[in-house]
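For reference, the chains in residue letters:
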Amino acid sequence: MGSFYHQIFVTLVLLLSIFLPCSLSSTTRRFEFNVKWKNVKRLCNTRPVLTVNGEYPGPTISVHEGDNVEVKVTNRVDMNTTLHWHGIRQLRTGWADGPAYVTQCPIGTGKSYTYRFTVVNQRGTLWWHAHLSWQRSTVNGAFIIYPRMPYPFSVPIQEEIPITFGEWFNSDVMAIEKDMMLTGVGPNASDAYTINGLPGPLYNCSLKDTFIKTVEHGKTYLLRIINAALNDELFFAVADHTLTVVEIDAVYTKPFTTKAIMIAPGQTTNVLLTANQKPDSTGMFVLAARPYLTSIFPFDNSTTIGFLKYKTTKSKETVELPLPPYTLPSNLPALQDTEFATEFANKLRSLGSPQYPCKVPKKVHKQVITTIGLNLQDCPPNKTCKGFRNQRFLASMNNQSFIRPPISILECHYKNLSMANLFSNFPEKPPVPFNYTGVNSLTENMNAEFGSKLVVVPYGTRLEIVLQDTNFLNPENHPIHVHGHNFFIVGCGFGNFDAEKDPLHYNLVDPPERNTVAVPIGGWAAIRIHADNPGVWFIHCHLEEHTTWGLAMGLVVQEGKNPSQCLIPPPDDLPPC
Ligand code: C2O
Ligand code: CU
């Protein structure tokens, strides 16, 4: 009899030990973010930059899968702001997503708002950034979610190396945005790319501002790479080393080894790097990032470099910059290496293991086909435009150039305020079909219409969106980001999407799952979304210049029947407009 009770006791303890970690997982992590100005000096140029807590780049948020997160944001500057947790699903907590005028009114000067959400079933590297105007230029940081289970790759990790790419501007970034809207021309290019805020020795006055990381021979490192640049996709490589991609946008991938990566603004990529090369007398290897260029607009063709320094056996280690000249890694792709970018994208696959199955929708309820691209717009009456042919540049999806309304769309939707004309339906096909990638890019351009149009779908819809690049003005690789959902890239290609033939080649087994897709230049990408998150979700190009020009739309996912399929009520401190 005694042993029977003993049995029950043992079973109970076992059960408890299994479930306890889950109940403990309701830990709440609290952060205080003060948005304020801070003087920062780069390239011999000091200017006030917008920061969180005076840090440039911004602080890292580290949490565990399952944690509740509370970030109290206080605005201590003379302009509105909002923050966005890029890639966090925000299940039922759309109020905390952050894009200004989409899910919330901005936080005014002197005001606070606490973003509250739970990290559900996500693990890996994401990031956070301001989501108003071009504030994200300096207001950004890593958002790391540690897994509850061991990594699916078996190599022991010596250390993690966070690497965030950014762009440094010598002048006020918000003024650049204002200017480009005023004149109708493209924005000024940045003055430097940066690695963790450091431009590196190829720039003026930047010897001291160089990223150097010491590594040990034979050890493997996990690089958490984030592209926080405003307007450029980037190539990244480490001299003589290969990188093994294991995760993108906080989703595990089938590991593959590559000489370099292409990373678009908004995207994150985790790679393993083993320090297995034979160093020269300096012990240094150059790591470098420069743009993947698909635009004819003014661009920054500079390169940011840093160093991996192999530890020596010397007792006193000095980490000194090697003397110039610095040779760029021969494995760093050239500026216009679309072939590499394509090959790289094609190697990305969901891990699709029993523990992390690839849940790509095999069938869809609805398909939306939308062009993405630029427009040459007639100058408004009584204005002067300095763009091509005295017109101005704009961008659009299905010829709709998105304007953020002076109110929160989510609030209007939730409270059922009738704003029907403002948010009428987004066209689900291009209004006028044409040869999207074959038109004469300058003569057949159309004027866009302005609006804030939305695609509305019932809860649970399996939605396919085909993103079709156009070569109005010039074809370009656009990184399209979807808020509130991950999606599966089931197909992509060059030229025009063929609704008959292309779906026959979709990958419905292990397509990459992400939150930002770099749509091929002069091509298309088909993404599938399981719309299981009620709310209003911004979909936009993560090149800031294109968002400003209107390359955006909204996706409304209606609430389901079940309370667990409904939004939580709006928090009391939600800012008013
Ligand atoms: Cu990284 Cu709409 O955002
Ligand atoms: Cu774009």
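Residues numbered from 1 in each chain as written. Chains lettered and ligands numbered in written order. Predicted model: local features only at pLDDT ≥ 70, side-chain atom pairs only at ≥ 80, totals over all residues. Heavy atoms only, no water.

Enquirer: Summarise the environment of C412; cite the residues concerned and give the values.
Expert: Checked against the element boundaries, C412 lands in helix α4 (residues 409–414). A relative accessible area of 5% places C412 in the buried class. (Helix = DSSP H or I, 4+ residues; strand = E, 2+ residues; numbered from the N terminus. Buried < 20%, exposed > 50% of the residue type's maximum accessible area, 1.4 Å probe, protein only.)

Enquirer: Talk me through the coordination of the copper ion (ligand 2); I want residue IDs and the actual numbers.
Expert: Protein-derived coordination of the copper ion (ligand 2) comes from H478 (ND1), C541 (SG) and H546 (ND1), at a distance range of 2.0 to 2.1 Å. Counting along the primary sequence, the residues that act as donors to the copper ion (ligand 2) give the motif H-x62-C-x4-H. Each member of the pair, C541 as well as H546, carries the same accessibility label: buried. (Donors = N, O, S within 2.8 Å, 3.2 Å for Na, K, Ca; no water.)

Enquirer: Help me get a handle on the pattern of salt bridges, residues and values and all.
Expert: Scanning the model with the defined rule gives 18 salt bridges in all. As a salt-bridge pair, D510 and K254 come within 2.7 Å of each other at their nearest N and O atoms. With D510 in the loop between β27 (487–494) and β28 (513–514) and K254 in strand β15 (residues 251–258), this residue pair connects regions lying 256 residues apart in the sequence. Overall, D510 belongs to the buried group, its relative accessible area being 13%. On the accessibility criterion, K254 (32% relative accessible area) is partly exposed. The closest approach of N and O atoms between E428 and K366, which form a salt bridge, is 3.0 Å. Linking E428 in the loop between α4 and β23 (449–451) with K366 in strand β20 (residues 366–377), this pair joins segments that are 62 residues apart in sequence. Of the residues examined, E428 reaches a relative accessible area of 30% and is grouped as partly exposed. (Salt bridge = Lys/Arg side-chain N within 4 Å of Asp/Glu carboxyl O.)

Enquirer: Mind laying out the domain arrangement of the chain, listing which residues take part and the relevant values?
Expert: Assigned domains of the chain: these are domain 1 (1–149), domain 2 (151–350) and domain 3 (366–565). Regarding the contact of domain 1 and domain 3, the summed buried area is about 2,200 Å², with carbon and sulfur atoms giving 56% of it. By the criterion of area lost to domain 3, the three top residues of domain 1 are R89, Y101 and V102, representing 29% of everything that side buries. The interface formed by domain 1 and domain 3 holds two salt bridges in total. One salt bridge connects R89 with D532, and the closest N-O pair in it is separated by 2.6 Å. Taken together, the links from domain 1 to domain 3 amount to 18 residue pairs in polar contact (both at pLDDT 80 or more). Contributions of two or more residues to the side of domain 1 that touches domain 3 are made by β5 (83–86) and β7 (124–130). (Domains from an automatic or database assignment. Buried area = accessible area lost by both parts, 1.4 Å probe. Polar contact = N/O pair within 3.5 Å; in protein donor to acceptor, adjacent residues only side chain to side chain.)

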